[in-house]
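In case you want the letters, here they are:
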Amino acid sequence: MQEESASQSISLEEQNVVFKPNEGPQTKFLASSEREVLYGGAAGGGKSYAMLADPLRYMGHSQFSGLLLRHTTEELRELIWKSQEIYPQIYPGIKWSERKMQWVAPNGLMVLPPKENEG
Ligand SMILES: Nc1ncnc2c1ncn2[C@@H]1O[C@H](COP(=O)(O)OP(=O)(O)OP(=O)(O)O)[C@@H](O)[C@H]1O
Ligand SMILES: [Mg+2]
């Protein structure tokens, strides 16, 4: 038995896990099937990363489009960097357009518009 669980953990390590939700509210948020979900909590609790991961559930659907809004472009930039790290690993062929501030997946679409007239 011990041998079996050891080999299982090796194979898990070998899998390229690009994003693994934190235990607790982030997992609950991402697992929810409701149309509207409120997710609050402590700073650094994983809310913003959850907003990045959430559209990954739907980006393979041709009718999907998502919109992610932040107060400042600076806040958005951090999420864009993170999305550039993880999205192409999950959806090979997905394309980021800096001009349009949007991700276009083979099927879905995800828009991250900067706040207009900022500054
Ligand atoms: N699933 C995850 N896997 C790995 N790291 C994570 C994960 N979720 C969050 N983090 C890490 O925790 C940090 C804080 O997460 P995040 O920015 O999403 O928190 P937040 O709830 O939006 O915080 P704030 O209220 O300050 O905006 C991230 O910068 C990231 O390093
Ligand atoms: Mg945040």
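This structure is a prediction, so every number in the text was calculated from the model and none was measured.

Draft legend 1. Inspection of the overall build of the protein at higher detail. For the protein, the count of helices and strands is 4 helices and 4 strands. Counting from the amino terminus, helix and strand elements in the protein follow one another as α-α-α-β-α-β-β-β. Within the protein, buried positions represent 13% of all 119 residues.

Draft legend 2. Here's a closer look at the site of ligand 1. In the region of ligand 1, the neighbouring residues are Lys20, Pro21, Asn22, Gln26, Ala43, Gly44, Gly45, Gly46, Lys47, Ser48 and Tyr49. Considering each element in turn, the shell around ligand 1 owes the most residues, 3 residues, to helix H3 (residues 47-53). Tallied by class, the residues present in the shell around ligand 1 amount to 3 nonpolar, 6 polar and 2 charged.

Draft legend 3. Main features of the environment of Leu30. If you trace the backbone, Leu30 turns up in helix H2 (residues 25-31). Leu30 gets classed as partly exposed once you count the C-beta atoms within 10 Å, which come to 19. Sequence separation between Leu30 and Met51 is 21 residues; the distance between their C-alpha atoms is 8.8 Å. Ignoring any residue separated from it by four or fewer positions in sequence, one finds Leu30 in contact with Pro21, Ala50, Ala53 and Asp54.

Draft legend 4. Representation of the sheet that holds strand S1 (residues 65-67). The strand order across the open sheet built from 4 strands is S1-S4-S3-S2, with neighbouring strands paired in mixed fashion. Across the chains shown, the open sheet's two edge strands, defined by having one partner strand only, are S1 and strand S2 (95-97). This sheet shows a mean twist of 15° between the axes of neighbouring strands, independent of strand direction. As judged from the 3 bridges shared by strand S3 (residues 102-104) and strand S4 (residues 109-111), these two strands associate in the antiparallel manner. What sits directly across from Gln102, in S4, is Val111.

Draft legend 5. Region of interest: the nonpolar core. Judged by nonpolar contacts, Phe29, Ala50, Leu52, Ala53, Leu56, Met59, Ile80, Tyr87, Trp103, Ala105, Met110 and Leu112 together constitute the single largest core of 12 residues. With 3 residues, the top contributor of residues to this core is H3. When sequence neighbours within four positions are dropped, the list of residues in contact with Ala105 reads Met59, Tyr91 and Ile94.

Draft legend 6. Just unusual backbone geometry, in detail. If you check the backbone angles, Met101 has positive phi at about 50° while not being a glycine. In this structure, Met101 sits in the loop between S2 and S3.

Rules used in this analysis
Residues numbered from 1 in each chain as written. Chains lettered and ligands numbered in written order. Predicted model: local features only at pLDDT ≥ 70, side-chain atom pairs only at ≥ 80, totals over all residues. Helix = DSSP H or I, 4+ residues; strand = E, 2+ residues; numbered from the N terminus. Buried ≥ 20, exposed ≤ 12 C-beta atoms within 10 Å, placed from the backbone. Near = placed C-beta within 6 Å. Nonpolar A, V, L, I, M, F, W, Y, C, P; charged D, E, K, R; others polar. Contact = placed C-beta atoms within 7 Å. Pairing = 2+ DSSP bridges. Axes fitted to C-alpha atoms, helices over the stretch in contact; angles between N-to-C directions. Core = buried A, V, L, I, M, F, W, Y, C linked by C-beta atoms within 7 Å.

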